[in-house]
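These are the residues of each chain, in order.
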Amino acid sequence: MYDLTQNRTIKTSKLDAKADYYYLLNNTSNINVTVAATVSHQNFDSSLFQILDNDTQNPLNNTDLNNKVTYNFTDLYVGLRYKMVSGILTVSPGLTLHQYLTKDTQLGTTLKTDEVKLLPDFYVKLQLKKSETLRLTYNKSLEFTDILKRAEGFIFNNYNAMSKGNRALENALYHRISLQYFNFNMFSFLNIQGFANYSKKVNGVKNSVNLVGINQVSSLINSNLADETLSANFRLSKRYGKIETRLRANVTHSNFFNLVNQSWSESKSFTQNYQGSLVSSFKNAPNFEVGYNRIFNDYDSGNRDTQYITDRPFANVEIGFLKHFIFTADYSYYHYKDADKTLKNKYSLLDATMYYQQKDSKWEFSLAVTNLLNNHSINDDTFSEFITSTSQYRVQPRYFMFMVKYHL
């Protein structure tokens, strides 16, 4: 048994300043000039020591296990944007000239960089109707690392995981495209929203992981393999008198590369989340929401493809009675399983609260119960660059709370 303690201290000071100037060319177009600066200063110190059996401390003075780092980052930029409106069309292209300055001091040496980049962005909007719009945006940006990713000494992330930074890391380049659609009809009470987003990361900062059993040692490198993420979100709601129907769908596909035990591998993640519900809005009657939610999480780590499925019917209710009382309850039933049928768990969660407040009174009293059905565990699954995991968590048993609130 080894008793190791790590001290970590991070101090960050940051200043943002920005000035905008607008010049109207005519009734339908203008030019916007932006002058701005971001200045950041960080200090990071970390050390390790062992507590011996006699409770004395044994400092671990190896250079690889300690950090004393100072990192300065400055972004000076000037942006020029043109905006033009013509009928239903709005167009706004822009260019931003950046000067990035970094200064990294550690291990008795100082490393400086000075880089100039011209980054474009673009915005288009179509006002199809008064309540219907379509928007397209694109931007190109750089992402710089913070001080933790530049510190060359090892730090503990967990009892079985250590990592170290890399002061020679280069910035990552991002391409981002977004398409948005909005439509709301006040006569039919139909509301439609749709979003699609795509991002591509070039020269990204990646973990180089060495696995030894359950132990992990990682360092950071730049990857010449691009990571990509495509996501879409769709929402539709329509009201029929006092009842509203709601449909929602979220889909995300990610594709990225990672380095494990000095070997590159490709990982993919495909997440789908679908939900439908009925919601009431009565003025003098109990209100409710009943619905069904299904989630698919498909993880492909190169040598194994795993899918987890969660089915969740749910119901919420709000009831007002005796003028001053309101009762609310939220119920969900979970059926969690994997596609191989090697894992299955069923559980329910029910929370309820009773509120009491007289009209115009500043006092509010409530009695709440959490986990009324006394469920003992819940499930979750995660996907990282080099590991897929499913977990079962023990949760707090049923408990009651009496609350008093005074509104100032």
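Up top is the structure these notes are about.
Residues numbered from 1 in each chain as written. Predicted model: local features only at pLDDT ≥ 70, side-chain atom pairs only at ≥ 80, totals over all residues. Heavy atoms only, no water.

Asks: How should I be thinking about the overall build of the chain in this particular structure?
Replies: Across its full length, the chain holds 0 helices and 24 strands. At 27 Å, the chain has a C-alpha radius of gyration far larger than the 22 Å of a compact globule built from 408 residues. Overall size of the chain, expressed as C-alpha extent along the three principal axes, is 75 × 75 × 55 Å. Relative to its 408 residues, the chain shows a buried fraction of 32%. A fraction of 55% describes how many contacts in the chain between residues 6 or more apart in sequence connect residues 24 or more apart. A total of about 24,900 Å² of accessible surface is found on the chain, and carbon and sulfur atoms cover 56% of it. For the chain, the centre of its 44 positive side-chain charges and the centre of its 36 negative side-chain charges are spaced 9 Å apart. (Helix = DSSP H or I, 4+ residues; strand = E, 2+ residues; numbered from the N terminus. Rg over C-alpha atoms; globule rule 2.2 N^0.38 Å. Buried < 20%, exposed > 50% of the residue type's maximum accessible area, 1.4 Å probe, protein only. Contact = heavy atoms within 4.5 Å. Areas by Shrake-Rupley, 256 points an atom, 1.4 Å probe, with all protein chains shown as cover. Lys, Arg positive; Asp, Glu negative; His and termini not counted. Charge placed at Lys NZ, Arg CZ, Asp CG, Glu CD.)

Asks: Sorry, what's going on with the environment of H335 here?
Replies: Take H335: it is sitting in strand β19 (residues 325-338). Through-space distance from the C-alpha of H335 to that of A249 is 19 Å; in sequence the pair is 86 residues apart.

Asks: Any chance you could explain the packing of aromatic side chains here in plain terms?
Replies: The geometry of an aromatic ring pair is captured by the separation of the ring centres together with the interplanar angle, meaning the angle of the planes. According to the stated counting rule, one finds 11 aromatic pairs in the structure shown. With a centroid separation of 4.6 Å and an interplanar angle of 40°, the aromatic rings of Y100 and F144 are classed as tilted. Of this pair, Y100 sits in strand β5 (residues 89-106) while F144 sits in the loop between β7 (132-143) and β8 (155-158), placing them 44 residues apart in sequence. A ring pair is formed by Y308 and Y336, whose centres lie 6.1 Å apart and whose planes are at 10°; its orientation type is stacked. Pair noted here: Y308 is in strand β18 (residues 305-321) and Y336 is in strand β19, with a separation of 28 residues, a long-range link. (Phe/Tyr/Trp six-rings, centres within 6.5 Å; stacked < 30°, edge-to-face > 60°.)

Asks: Explain a nonpolar patch on the surface here, please?
Replies: A cluster of nonpolar residues, W363, F365, L367, F400, F402, V404, Y406 and L408, forms a patch on the protein surface that exposes about 950 Å² of accessible area. If you list the elements that add at least two residues to the nonpolar patch, you get β21 (363-370) and β24 (399-406). Mapping Y406 onto the fold places it in strand β24. Look at Y406 and you get partly exposed, because its relative accessible area is 42%. (Patch = residues over 30% accessible without salt bridge, like charges linked within 9 Å, V, L, I, M, F, W, Y side chains within 5 Å. Salt bridge = Lys/Arg side-chain N within 4 Å of Asp/Glu carboxyl O.)

Asks: Looking at this structure, how should I read the nonpolar core?
Replies: The nonpolar side chains of a soluble globular protein tend to be buried, and buried together. Core analysis: the biggest nonpolar cluster contains 10 residues, these being F44, V69, Y71, F73, Y100, L119, L142, I147, A151 and I155. At 3 residues, the largest contribution of residues to this core is made by strand β4 (residues 67-86). Setting aside its immediate chain neighbours within four residues, F73 contacts T38, V39, S40, Y100, L101, T102 and F144. (Core = buried A, V, L, I, M, F, W, Y, C linked by side-chain atoms within 4.5 Å.)

Asks: Would you mind going over the pairing of β7 with me for this structure?
Replies: For a regular strand, side chains alternate in direction, first toward one face of the sheet and then toward the other. As paired strands, strand β6 (residues 109-129) and β7 are joined by 8 bridges and run antiparallel to one another. When the sheet's bridge partners are listed, K129 is paired in β7 with E132. As defined by bridge partners, β7 adjoins strand β10 (residues 172-185) across 12 bridges and the pair is classed as antiparallel. The partner of L142 across the bridge, within β10, is L173. (Pairing = 2+ DSSP bridges.)

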